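Residue-level listing of the chains:
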Amino acid sequence: MKAKAFTPFVQNLSGHIDRQLQAVLQDVSTYVADDAGHSHEIVLDTDEAVTPQFVTSEDWEKVVTFQQKACEAGIVSLLDFIQKEVVALEQQLKTHWSAGETVAPKKVNRLLLLSRFCIGLPELSPNLQRCLTPTMERSRRESSLRRQSKLQPKRQDHEQVWLEIKRKFRETSVQACRVWADQVSHQLVDTFTMFLFASRSGPSLLKQTPVWDTIAIQEEAEGASLSSNIRVPMQASWYVHRLLHELCRHVNCVGGHAFNRSVLRELVQSIADNVIRSYENFLKEEEEKEEGEREERKWRLSQTQVLQLLFDARFLSVVIIAKDDSEVGRRLAERMQTVVERLENRVDPFDLDVFLPYIGAHLSRHVQRSQVLLGSVTGLDKNNLFAATGGRSLPSTQQEQHNVLQLSSVAMTTRFPLLPVASQSSSRPVSDYLLTPQSPLLKSQVTLHHG
């Protein structure tokens, strides 16, 4: 049940409905009989055989059909009620979003409950399918083939009814999940936008900027070699990590592994769209301020700030923008690339040529280190991180390498081609350690024994 994210409340509610449907099937089975007066047994989830007390051979088909239609009408009524609740909650959430108010957690939990119930009821209530697709089993083997062929079209119609009900439950669950995804997207992006616009100030910049790497470079100038140090960002800003961490936390807390993957993709795409819009508004506002201060040649953003923003934008482009052939993915990738180019235009061209190779190396390493923590996001696009590093793993230091003891004297171990094999510390062959008649170990033991 945990794997499917069915909470105890959903299990109890589905079990209660299943017991009521089982009672309906038991009541209907009392009035079901075949043409010869023998009983039909409706398949129940019990070991007890149901024996009819009344023989109604001429009306049993009408009774079963009425039971099936009555159950279908009840389930459709339940679905209509759930859909109205989802629409009402969506309207309430939109009202809170437009007013800038905080959404009560109870409303979000109600959405998740309705979504889980729509998925759990068809799976946790086997008697629901039996009510919508009544299966008759003759008590005698001599049932006529003509009668069976007559019942076959009705069974197919009942199967269609059951599949349609399952489809409606699934669509209602996805609808509720999408409303929840919109709520999560608005909540996270509002916090991200607040920190992004606050990054202009010095105190906020110091709080949100992580450690940078100092790299020594050599330059040739007029026949002399000059050494200098440059500083480049090593990881994304803290508010960027907060956005991604909170996204993964929300997905994991509600059992996102059991959600429809289309819902999670739409959630990530919505966050990517709003994040890009925040960057676009941020750059637009900076450009407008610079236009008004052109005479004084004042820049609102320093090159250090721009480099960190550039690293953040490229990191988000790798993590949350899918590298697929969909129209939405291509449009988001083009918009993010435009943001990256606008940020690069704010850096001195000569400095940019020096910084970009080191930024790219740190970006690839940072993405690989973050993919475990951000598995709920990065797992939606398996080719995304692979393409970010060019399909190759980054070279690691000597301390990060893992060695496997060599267990064979063969130079090439074909069974484990991807495991690094440590070199032998001794030139002594492996056969010396085997208990063979020619091995030195066995000869020494025989000598001691005779001695």
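Predicted model, so just to flag it, every value in this text is computed and none were measured.

### Concerning the pattern of salt bridges
Reasoning step 1: One pass over the full model with this rule turns up 11 salt bridges.
Reasoning step 2: A salt bridge links R178 to E266, with the nearest nitrogen and oxygen atoms 3.0 Å apart. On the criterion of sequence distance, the pair formed by R178 in helix 5 (residues 145–198) and E266 in helix 8 (residues 261–292) is long-range, its members being 88 residues apart.
Reasoning step 3: Of the residues examined, E266 reaches a relative accessible area of 34% and is grouped as partly exposed.
Reasoning step 4: Two residues, R330 and E327, come together in a salt bridge whose shortest N-O distance is 2.7 Å. In this pair, R330 and E327 both sit in helix 10 (residues 327–344), three residues apart, roughly one turn of the helix.

### Some thoughts on the packing of aromatic side chains
Reasoning step 1: The tally for this structure, following the rule as stated, stands at four aromatic pairs.
Reasoning step 2: With centroids separated by 5.5 Å and ring planes inclined at 55°, the aromatic side chains of F192 and Y239 adopt a geometry described as tilted. With a gap of 47 residues between them, F192 in helix 5 and Y239 in helix 7 (residues 238–253) connect regions that are remote in the sequence.
Reasoning step 3: Residue Y239 is classed as buried on the basis of its relative accessible area, which comes to 4%.
Reasoning step 4: What links up through ring pairs into an aromatic cluster is the set F192, Y239 and Y279.

### Re helix 2 (residues 60–99)
Reasoning step 1: Over its 40 residues, helix 2 extends 59 Å from the first C-alpha to the last, a length consistent with the 58 Å expected when each residue adds 1.5 Å.
Reasoning step 2: At the C-terminal side of helix 2, G100 shows a positive phi close to 75°.

### A closer look at helix 1 (residues 8–29)
Reasoning step 1: Between its first and last C-alpha, helix 1 extends 31 Å over 22 residues, near the 32 Å set by a 1.5 Å rise per residue.
Reasoning step 2: Within helix 1, burial applies to V10, S14, G15, I17, D18, L21, Q22, L25, V28 and S29.

How each quantity is defined
Residues numbered from 1 in each chain as written. Predicted model: local features only at pLDDT ≥ 70, side-chain atom pairs only at ≥ 80, totals over all residues. Heavy atoms only, no water. Salt bridge = Lys/Arg side-chain N within 4 Å of Asp/Glu carboxyl O. Helix = DSSP H or I, 4+ residues; strand = E, 2+ residues; numbered from the N terminus. Buried < 20%, exposed > 50% of the residue type's maximum accessible area, 1.4 Å probe, protein only. Phe/Tyr/Trp six-rings, centres within 6.5 Å; stacked < 30°, edge-to-face > 60°. Expected span 1.5 Å × (residues − 1).

Shape descriptors only; they carry no functional weight alone.
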